[in-house]
Every structure is written in C-alpha cells, then in structure tokens.
Amino acid sequence: MSDLHASLPARGLWDRLTALFWRRPGLLVGVLIAAPLLWLGVVYVGSLIALLVQSFYSIDEFSGVVQREFTLKTYAELLRPANADIILRTVTMAAAVTVASAILAFPIAYYAARFAKGRWKAAFYLGIMLPLWSSYLVKVYAWKMILSKEGIISWAANGIGAGAVLDALLALPGIGGNSLSTSYIGTFLVFVYVWLPYMILPMQASLERVPQSMLEASADLGAGGLRTLWSVILPLALPGVIAGSIFTFSLTLGDYIIPQIIGNSANFIGMAVYQLQGTAGNIPLAAAFAVVPIVIMLVYLGIARKLGAFDAL
Amino acid sequence: MDDVSLTIAEGEFFAMLGPSGSGKTTCLRLISGFEKPTSGVVRIFGEDMGAVPPNQRQVNTVFQDYALFPHMNVRDNVSYGPMVRGVDRRTRLAEAERLLALVHLDGFGDRKPAQLSGGQRQRVALARALINRPRVLLLDEPLGALDLKLREAMQDELKKLQRELGITFVFVTHDQGEALSMADRVAVFSQGRIAQVGPAAEIYARPANRFVADFVGSSNILPPLMAAAFGAPGAWASLRPEALRIVPAEGARIRGRVTGARYLGAGTRLAVAVSGHSGKEEAEIAVLVPAAQMVPSEGAMVGIDWDTGAVHPMEPA
C-alpha cells in the first residue's frame, strides 16, 4: 500500500511552475501584468506627468528660454482672448461633431443590433470598418476635393437647381465661407465623417445587450415605439453612447490636421500645440494647451457619471 | 403550431403544459400579440385581435426572465404602465405602493432590480403587470427560476391572488405538478398541437393518449396485450403507480419480480418486472408503496393488485 500516491510524480520544471502558480495565484497575475504595467506606468503615465510638469514652467519672453520654476503664468496666458477663442472654437466644434455623430449613428447602430442577421451583419461591419482601413490623410484630401467650389457637391447642387440653397448655407454668418471646403461647415462635415465609426461601434455593442424581452415588456405595458425608445432603449444604450462620445469628442479636441486642410485656417487646440512646440518653441504653453482637452474630458465624464450614464453598466 | 383551437373562460386559471418546443409559449405570445398567426384568429373577449398591436391589448405579461428595467427602481418599474398612460406622478406612485403591498413588497420601492432576490423580482414583475388592471394576465414559466420551497409558496400565492382579483390567468409551464396544483383547466401541448384539454383532475386521472399519460405524472403505459392482463383488453391503457398495491405473491392476479426501488420520501417507487397472460410480453410496472408499508427487497417475488376502475384505456398516439 505504501507505493500508492494521491499525486502524480513531477515531470519537470513546467510541473513545478504550474504547482507554484496554483499555490500562489497572485504570482501568475504578477508575472503576466508586469510588462504591460511597466509600459503603462513609466512610458504612458510618465510622459503625461512630464507634460503636466512642463505646463507649470514658463518661457522668458526675451531670450525664449524655458524657466524651470513652478508658476501659473502659462495657464493665465490661456485666458488671453486669442487663446480662449481657440479653446472655445475647438470645444464647440467637438460638441457639435459629437451630437451629430450620435444622431447619425443611432439608427445605423440600432438596425445593426436589432435587425441585421448573417450576411447583412457582415456587410454592416465591413461598411463601418472599410473607411478605417484607408489612410486618414487620403480621406481628408478626398473630402477637400468633394467639398471644393468645383467639387461634386456644388456641381450636384447646381445640377438639381439647389445651388441657391448651398449659397444660402455658405452665406450664414460665422460658419459660412467661400466654399464648403473653406468653411466651418466643411470642417464639421469631415470631422463627422472621420469619427463616425467610433460612435457606431460602441453604440451597436450596447444596443445589442438590451434584451428583446425588455422591449416587449415595455410594449406589453402599453408603450408605443417612441416611448420605449425614450424610456427603455436610450437609457440602456447610454453607456455605449457615452463611450462613443468620448471617442468623437476627444479625437476632435486633439486633431490638428483636418482644420489645417479643410476650413478657414482658424486655429484649433491641436494646431496651436503643433505650432507652439515647433516653430514658436514655447513648450510650456503647448503643454498647457494639451492639458485643456484632458481637463475637459474629466469634467465631461464626471457629469456623465452624475447623470447616471454608467448605472446600467 | 398547427390546428390549435382553444377557448379560455373568463376568470379561469388556465395552464398550458408541455415540453420545450411544444408550442405553448408561442400560443401565449399569440395572445399577447408578440407573434402573429399565419392563419387563424385570436379573439379576446370576442374581439378579433388581428389588427391590434400588443400595447393596445388589455392583456399583460409576466415574462420568464421578468424583464424588469434595470435602470429604474422598483417603484418606477411598477408604475411604468400608468406613466405611459400619462397618469400624474403622485397618483401613479401611490398606485405602485398599493400593488407592492399586494405582493408583500412594501418598502422595497427604492431598490434597484439588481438588489432583489429572484423571488422578489418575480413579485415586482407581477405587480408591474397587474397595475394596468389587465382582463387577462399571461405568465410565461413564472416560477421556473425559483427554488422548490419558494416555488411552492408562490404557487399558493398566485392561486390566492387570482381568486381575489377574479381575472383570467393563463400560464405556461413545463412542470406538470405546477400545472395540476394551480390550474382549473390544463391544455397539454405536444409538437405544436393540443394533446388534451380538460380539468386538472381529469388530465391526471384519464389521460387521452400515451403522450399525456407519459408527460403528466409518471403513469404506467400498458400496451394492448399487457392492458389485457390488467383487465382492459383491446387498447392501450394507463395505470397510476399509486393505484397499485403490493400483495403476497400467492394467489395474486399478477405476479412479478422487484427489479429496483427508488426512495421518494413520501413513499417508495418499486419497479416490478411482470409477464402478461401469454407468459411473454414482459413489462416493467411502477408501483408506489406508501411510507407506512413494508418495502419488499430487490429480487423478491410479489403480487400486484389494483382496482379495476383505475385501468384507463386511451388513444395510442
């Protein structure tokens, strides 16, 4: 009887490692996340902290040398009318792009989540992802041509006799311009086009998680389609809408290429950062500008949380 | 579903019983309006429901997964119906409190569904469906997710509630015990058709065919030759295990050998291998021995006795 064992003999290093990990589960988790944690901690958060620190430095206006002393002077500069304008312009654009994306994305995401099956579902994913596979610059330049004065939109508008409508649109004070490609309307259209997939995908994922029985329960209790949409579907899809809006909002806040190529050359935060750290050599002010979107996003998430956007998670 | 014709009386507690995929849930969804019949009509209180969408029927449903809205608290869930109808907030919240009291959930109004147990969620679903004062309440496997003790308590409670409110309850279940103990009448579904409709006691005592006998309870199903040995020649027959008695083998009408025993608490279910008149046609007959009586050991020769009236002839299919 003495040669009966409850366990198999160890077959080498792997067996001993397996046994060690089984005895101390924390060790395995530690080994697995060590490298990503190092990356996240040092490279990612580290550079963010470096950025934050830079924003509290200032620049000597005569010599152009960065003074490594803590001061709020640089942040005060953000409030100068020219800089405050940039911030306001960027935030307004980001908000408009986000709202438009949400309105456009919802029916598409709803169809994909509730009705598309098999082949149609594949077509949906392909249709959403395909634009993401081609270069961002190519798409933006393509849009510049589409929106230009000689472009297909004005050609088509004139062709169907809607040229006056387009002219009236471009004559709008503030957002109008010479042509679509040199107006805020054009910048807005291209932003919406480029970021729309980032709104559709999380929205579709959250709509797919709303059980059919929930919609039936609402109808069973007397609710029509609109009431169900407002009281059941939207609240349950809200986490997805918030996730999508984080993408569209923050991507618009940080972009510096689209407003450079399309629009009236007015400065956006991203462009300001690009110019300040490059030609102007004003790293502290560039850093302070870069902190603005981070703060705005934190405030936005805080409000979303207060409103209960994550309650259904 | 095929060729289903069913009339449910007002104020009745009606059960639709059957295995999964037998069409009972489809039948329920036809009444609620979530499925449309490809042919035929659904009438509720004589009114053709062909063009009436679910939200305009005086019918409410307790869903199998309860389908409580997770983002609303219990009070808002229950008052959803009146909210949709545009009842002002104070009135509808008071009404919700009244219904929560009816299902013994007073004081739970502020909780979210996720903070409730399965049984409590079920009561909330019940209150939410009843607040619209439906003329028919549909219940889709209402007790399926509850444990045994709770299920029995809820059975009594549903029965009591139905009597108090006096409205028609139609419920779907695959649990024959549940159907028999709660319902006034039962429809047994099999493969999209109705195998038998009738009062619960009749379904149990006189199954119309082999399917019903097999599905409802645990009857002995006797093929014609064996039925002849039990005194009902010429047809298939059913015989309840509790209608049989173990007697001494000497002089018994039918004898057999005990091949197995399963202890059930309230009694012991014996399997007895018997042979018919011809001596061939071997069959296993289940006999329920009440707890107070001696249980013969496995392998013993025993006699079987029964009341002739207990052998019930039926359709083969």
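Definitions and limits used
- Residues numbered from 1 in each chain as written.
- Chains lettered and ligands numbered in written order.
- Predicted model: local features only at pLDDT ≥ 70, side-chain atom pairs only at ≥ 80, totals over all residues.
- Heavy atoms only, no water.
- Helix = DSSP H or I, 4+ residues; strand = E, 2+ residues; numbered from the N terminus.
- Rg over C-alpha atoms; globule rule 2.2 N^0.38 Å.
- Buried < 20%, exposed > 50% of the residue type's maximum accessible area, 1.4 Å probe, protein only.
- Areas by Shrake-Rupley, 256 points an atom, 1.4 Å probe, with all protein chains shown as cover.
- Lys, Arg positive; Asp, Glu negative; His and termini not counted.
- Charge placed at Lys NZ, Arg CZ, Asp CG, Glu CD.
- Patch = residues over 30% accessible without salt bridge, like charges linked within 9 Å, V, L, I, M, F, W, Y side chains within 5 Å.
- Salt bridge = Lys/Arg side-chain N within 4 Å of Asp/Glu carboxyl O.
- Contact = heavy atoms within 4.5 Å.
- Domains from an automatic or database assignment.
- 1 Å grid on protein atoms, 1.4 Å probe; cavity = no way out; pocket = protein on both sides within 12 Å on 5 of 7 lines; lining within 4 Å.
- Points joined across faces, edges and corners; volume = space filled by probe spheres on them.

Helix and strand counts for chain A stand at 14 helices and two strands. Taking 20 Å as the expected radius of gyration for a compact globule of 313 residues, we find that chain A reaches 26 Å, considerably beyond that expectation. Dimensions of chain A along its principal axes, counting C-alpha atoms only, are 100 × 70 × 40 Å. Split into buried and exposed, the 313 residues of chain A put 37% on the buried side. Split by element, the accessible area of chain A, about 18300 Å² in all, is 71% carbon and sulfur. Taking the 19 positively charged and 14 negatively charged side chains of chain A as two groups, their mean positions are separated by 7 Å.

Right, let's talk about a nonpolar patch on the surface for a bit. Residue and element names in this part refer to chain A. There is a patch of nonpolar side chains on the surface, built from L38, W39, L40, V42, V43, Y44, V45, L48, I49, I294 and L298 and spanning about 1100 Å² of accessible area. For the nonpolar patch, the element with the most residues is helix 2 (residues 25-55), which contributes nine residues. Relative to the elements of secondary structure, V45 occurs in helix 2.

Relative to the elements of secondary structure, A:A304 occurs in helix 14 (residues 283-306). Along the primary structure A:A304 and A:W155 are separated by 149 residues, whereas in three dimensions their C-alpha atoms are 43 Å apart.

Quick look at helix 10 (residues 212-220) of chain A now. Along helix 10 of chain A, eight of the nine residues are buried, which leaves the element largely enclosed by surrounding structure. Taken residue by residue, helix 10 of chain A has A:S213, A:M214, A:L215, A:E216, A:A217, A:S218, A:A219 and A:D220 as its buried positions. Tucked inside the fold, the buried residues of helix 10 of chain A contact helix 4 (81-114) and helix 11 (225-254) of chain A together with helix 1 (24-32), strand 4 (59-62), helix 3 (80-85) and helix 5 (118-130) of chain B. A:G222 occupies a position one or two residues after helix 10 of chain A and carries a positive phi of about 110 degrees.

Another aspect to go through is the domain arrangement of chain A. The domain boundaries assigned to chain A delineate domain 1 (14-49) and domain 2 (79-137 + 191-306). Centre-to-centre separation of domain 1 of chain A and domain 2 of chain A, based on C-alpha positions: 33 Å.

Approximately 880 Å³ is the volume found for the largest pocket. Put simply, the parts of the chain that give the lining of the largest pocket at least two residues each are helix 1, strand 2 (43-44) and strand 6 (168-173) of chain B. Volume-wise, the second largest pocket comes out at about 350 Å³. Taken together, 16 residues form the lining of the second largest pocket, with A:A102, A:L238, A:V241, A:I242 and A:Y300 sitting closest to its centre. When contributions to the lining of the second largest pocket are tallied by element, the ones reaching two or more residues are helix 4, helix 9 (184-208) and helix 11 of chain A. The greatest single-element share of the lining of the second largest pocket, amounting to seven residues, is contributed by helix 11 of chain A.

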